[in-house]
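If you want the building blocks of each chain, they are given just below.
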Amino acid sequence: MNPVLEVHDLDVSFDTSVGSLRVVRGVSFSVGAAETVAIVGESGSGKSVTALSLMRLHDPDKTKISGSIKFKGTELLTLPEARMRTVRGNEIGMIFQEPMSSLNPLMPIGDQIAEAVLLHHDKSRAEARRRALDLLVQIGIADPQRRMREYPHQLSGGMRQRVMIAMAMACDPEILIADEPTTALDVTVQAQILGLMRDLKTRTGSSIVIITHDLGVVAELADRVVIMYAGVKVEEGTIAEIFSQPAHPYTVGLLGSIPSLGCSRSGGPLTEIPGQVPSPSRVAVGCSFAARCGLTSSICLEIEPRLENVSPRHGVACHHKIRTPVA
Amino acid sequence: MSESALLEVISLKKHFPRPRTGFGPREVVKAVDDVSFTVARGETLSIVGESGCGKSTLGRTVLGLTPPSAGAVWFDGWRVDGLAKPQLRRIRRHFQVIFQDPMASLSPRMRIGDILAEPLINFGIVEGRKAVDARVGELLEMVGLPREASTRFAHEFSGGQRQRICIARALAPEPSLIVCDEAVSALDVSVKAQIVNLLASLQDRLGLSLLFISHDLAIVGYLTHRIAVMYLGVVVEIGDRDLVLDRPMHPYTRALISAVPKTRGETSRRIVLAGDVPSPINPPMGCRFHTRCPKAFDRCKVEEPKLRSVGTPRRLVACHLGISEQHASTEG
């Protein structure tokens, strides 16, 4: 089966006052039909930059993107802007972390959803509004007739994020890109939104790329995981492989540093990853994680490890792969 | 006041009147509405709840950063609410605070050494420049930073290091209680674990009490001895960590715990609450949680449940549901 989205050797650098910053370095991954792929990393890992690149949302004057992003065989990076506009929203939908800054505060939400439909489809206003109403029902908003006429400030954070999802789904996109969709929400509301996304996925069969720092969210939603660190993909695998047999020391540290609910101080201190996330301005020779890694040897400081497969779908970029015994 | 309690909060209320609009009665936001608890020496009490539940206002009121509308705060045998500024200033060396955003809590124009020296000098902890410098160095080492950090500015540090500086500053006047208001929430996962471990080891070494305000149940579960769960300005359940996390009784606590995404393949049935937290301006009549409670019945709509002890005096729950029903549904 051909993947819906294929990213190959993606490289993104920004021109800044202090020179060119290479924030994504040679990242490759693919997303299959109806598959959910999570891109996981901490701040500065390049995960959000990767997501924005998929939609070509960076300022073209200040950004250099190389590599290839193929959507159903079409190269997006060289697509003329006019054609790209038909892809955005129509074939690839996107939701962001902070719904309040993504919604127009002066426009009723019904009109905003209908606008997305009108932009991409040859439909009448009345048809578009019917579609908007239908979407509000689908995303579980009570009293949708009334909500259609309300403005974003009249909605709660969770409801706004539902509206964002409705807008992204308005044109039945093949892929939904969700950049930290639940990070700004309370846990009980997060649970609602995750449930909604799972529900939509099974109903519409669209693929999802979810960008997050929260491994709990990943475990809830994703089929496959891409772990990023300092602009590089360090590990990739299925949910089961990443959670039960992590092979990169960073992934192992990341999993260890989140206490599970039953965990208390009597069980000893949490696993720490010493040091800090490196700044992209500091270009490391060798492995970018070497400075924080417990397994660093001389080779790590000299040669950047390449991604190697430890199983057919599980790849790791590390000179000292950890073999977790299967429990 | 009980023997061992360092901090005792009694029926604390903090109401914010809203600007008058039109003719109706003036609206009041009841951010904290009749909250009582104690924190023993060397103990961590965590206040958990979602945004708008009043947990941060509670912390600020306890610290005397904002005067309470009613109720009392006792600290080490002293009544500290309503104290005049000079007295409050003197007693404040004993309770310090760490906020969520370290960059906003550190002066960008002061060197770290001066930031840490300020409380030492203000409270007269040590005398003389040499002694102050030596103590600043000790404080930096205590939080895992090099002594040389004292000559640098806050912007030269990363988020996690800045939070270490805030912890060092809070420790400077040798307090017995530190209020941590979402102190690790803004940090990256890998750095969060470092700071949590640091807080735990400092507590063990110095016998500190912590009032740990957070929405992150996994972190709370790791760090805390006792937990108080807040919803719309009131405490709905309070008790020892193991009891509250392993056998939660209030339907809200149960929903909150089940909503935490699991990473270790534990399977549990999730209780998904409908709707959002209602506005604290006009909290629902009766039990404040009844509009979202999967188990609400008629009585919940009219009568507000009071906290009562269940099983042990160390665990209080505010719910009309009979204990037997709660047990049955926990096990079922």
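- Under an unreviewed UniProt entry, chain B has the name ATP-binding cassette domain-containing protein and belongs to Bradyrhizobium campsiandrae.
- One UniProt comment on chain B, placed under Subcellular location (unreviewed entry), says "Cell inner membrane".
- UniProt, in the comment section headed Function (unreviewed entry), describes chain B in these words: "Involved in beta-(1-->2)glucan export. Transmembrane domains (TMD) form a pore in the inner membrane and the ATP-binding domain (NBD) is responsible for energy generation."

- Within an unreviewed UniProt entry, the label attached to chain A reads ABC transporter ATP-binding protein, and the organism entered is Bradyrhizobium campsiandrae.
- UniProt, in its Sequence similarities (unreviewed entry) section for chain A, records the words "Belongs to the ABC transporter superfamily."
- Looking at chain A in UniProt, the text filed under Function (unreviewed entry) is "Involved in beta-(1-->2)glucan export. Transmembrane domains (TMD) form a pore in the inner membrane and the ATP-binding domain (NBD) is responsible for energy generation."

### Considering the overall build of chain A
- The helix and strand tally for chain A stands at 12 helices and 12 strands.
- The C-alpha atoms of chain A give 21 Å as radius of gyration, which agrees with the globular expectation for 327 residues (20 Å, within 12%).
- In terms of overall dimensions, chain A has a C-alpha envelope of 65 × 50 × 45 Å along the principal axes.
- A buried classification covers 46% of the 327 residues belonging to chain A.

### Some points on unusual backbone geometry
Residue and element names in this part refer to chain A.
- For Ala34, which is not glycine, the phi dihedral falls at a positive 60°.
- Using a count of 16 C-beta atoms within 10 Å as the deciding quantity, one classes Ala34 as partly exposed.
- The residue Arg56 is not glycine, and still its phi comes out positive at about 55°.

### Observations regarding the environment of Gly59 of chain B
Residues and elements named next belong to chain B.
- Here Gly59 lies in helix α1 (residues 55–62).
- Note on Gly59: 21 C-beta atoms within 10 Å, which makes it buried.
- Here Gly59 is in contact with Val179, Asp181, Leu211 and Ile213, once residues within four sequence places are set aside.

### Quick word on the UniProt feature "domain: ABC transporter" (unreviewed entry) in chain A
- Within the UniProt annotation, "domain: ABC transporter" (unreviewed entry) is assigned to residues 7–255 of chain A.
- Counted over residues 7–255 of chain A, helix gives 41% and strand 27%. Its end C-alpha atoms are 26 Å apart.

### Section: the sheet that holds strand β6 (residues 92–95) of chain A
Residues and elements named next belong to chain A.
- A sheet is described by the order of its strands in space; here 8 strands give the open sequence β6-β7-β8-β3-β9-β10-β12-β11, paired in mixed fashion. With one partner strand each, in any of the chains shown, β6 and β11 (308–311) form the two edges of the open sheet. Taking each pair of neighbouring strands and ignoring which way they run, the sheet shows an average axis angle of 20°.
- When β6 meets strand β7 (residues 175–179), the two strands line up parallel, connected through 4 bridges. Note on β7: the bridge partner recorded for Gly93 is Leu176.

### As for the pairing of strand β10 (residues 232–238) of chain A
All names here are of chain A.
- Most of β10 is tucked away, with 6 of its 7 residues classed as buried.
- Summarising the sheet, strand β9 (residues 224–229) and β10 pair through 6 bridges and their orientation is antiparallel. Along β10, the bridge assignment pairs Ile227 with Glu235.
- Taken together, β9 and the strand that follows it, β10, pair antiparallel across an intervening segment of 2 residues, in which Ala230 is found at a positive phi of about 50°.
- The pairing of β10 with strand β12 (residues 314–316) spans 2 bridges and is classified as antiparallel. Across the sheet, residue Glu235 finds its bridge partner in β12, namely Val316.

### Comments concerning the interface of chain B and chain A
- Contact with chain B, which involves 38 residues of that partner, is made by 37 residues of chain A.
- Those elements giving two or more residues to the side of chain B that touches chain A turn out to be α6 (159–171), α7 (189–206), α8 (217–223), α9 (241–246) and α10 (251–259) of chain B.
- In terms of residues, the side of chain B that touches chain A owes the most to one element, α7 of chain B, which gives 9 residues.
- Among the residues forming the side of chain B that touches chain A, the class breakdown is 19 nonpolar, 11 polar and 8 charged.

### Considering the environment of Ser20 of chain A
Residue and element names in this part refer to chain A.
- Relative to the elements of secondary structure, Ser20 occurs in strand β2 (residues 19–31).
- C-alpha separation for the pair Ser20 and Ser102, spaced 82 residues apart in sequence, amounts to 28 Å.
- Other than its neighbours up to four places away in sequence, Ser20 contacts Ser13 and Asp15.

### Observations concerning the sheet that holds strand β1 (residues 5–17) of chain B
All names here are of chain B.
- Across the sheet, 4 strands lie side by side as β2-β1-β4-β5; this open sheet has antiparallel pairing. For this open sheet the edge positions go to β2 (28–40) and β5 (78–79), each flanked by a neighbour on one side alone.
- Relative to strand β4 (residues 70–75), β1 is paired through 5 bridges, and the arrangement is antiparallel. Note on β4: the bridge partner recorded for Glu8 is Trp74.

### Side note on the packing of helix α4 (residues 112–122) of chain B against α6 of chain B
All names here are of chain B.
- Their axes nearest at 8 Å, the elements α4 and α6 cross at an angle of 25°. Judged on the interaxial angle alone, α6 and α4 are roughly parallel. For the pair α4 and α6, contact is made by Ile112, Ile115, Leu116 and Pro119 and by Ile165, Ala168 and Arg169, respectively.
- A breakdown of the residues in the contact of α4 with α6 according to their chemical character gives 6 nonpolar, no polar and 1 charged.

### Brief notes about the nonpolar core
- Grouped together as the largest cluster of nonpolar side chains are 188 residues, with contacts concentrated most on Ala166 of chain A together with Val179, Leu211, Val229 and Val235 of chain B.
- If one sorts the elements of this core by residue count, helix α7 (residues 157–169) of chain A sits on top with 8 residues.
- Excluding residues within four positions of it along the chain, Val235 of chain B makes contact with Val35, Phe37, Ala228, Val229, Met230 and Leu307 of chain B.

### With respect to the UniProt feature "domain: ABC transporter" (unreviewed entry) in chain B
- As annotated in UniProt, the feature "domain: ABC transporter" (unreviewed entry) corresponds to residues 7–257 of chain B in the numbering used here.
- Strand forms 26% of residues 7–257 of chain B and helix 38%; the C-alpha atoms that close the span are 27 Å apart.

### Description of the pairing of β9 of chain A
Residue and element names in this part refer to chain A.
- Among the 6 residues of β9, 6 are classified as buried, and the element is accordingly described as predominantly covered.
- Taking every second residue as pointing to the same face, both faces of β9 are buried, with Arg224, Val226 and Met228 on one and Val225, Ile227 and Tyr229 on the other.
- Here strand β3 (residues 36–40) runs beside β9; their pairing, made up of 4 bridges, is parallel. Of the residues in β9, the one forming a bridge with Ile39 is Val226.

Thresholds, definitions, all that
Residues numbered from 1 in each chain as written. Chains lettered and ligands numbered in written order. Predicted model: local features only at pLDDT ≥ 70, side-chain atom pairs only at ≥ 80, totals over all residues. UniProt positions renumbered as here; feature names shortened; annotations may be inferred. Helix = DSSP H or I, 4+ residues; strand = E, 2+ residues; numbered from the N terminus. Rg over C-alpha atoms; globule rule 2.2 N^0.38 Å. Buried ≥ 20, exposed ≤ 12 C-beta atoms within 10 Å, placed from the backbone. Contact = placed C-beta atoms within 7 Å. Pairing = 2+ DSSP bridges. Axes fitted to C-alpha atoms, helices over the stretch in contact; angles between N-to-C directions. Nonpolar A, V, L, I, M, F, W, Y, C, P; charged D, E, K, R; others polar. Parallel < 35°, antiparallel > 145°, perpendicular 65-115°, else oblique. Core = buried A, V, L, I, M, F, W, Y, C linked by C-beta atoms within 7 Å.

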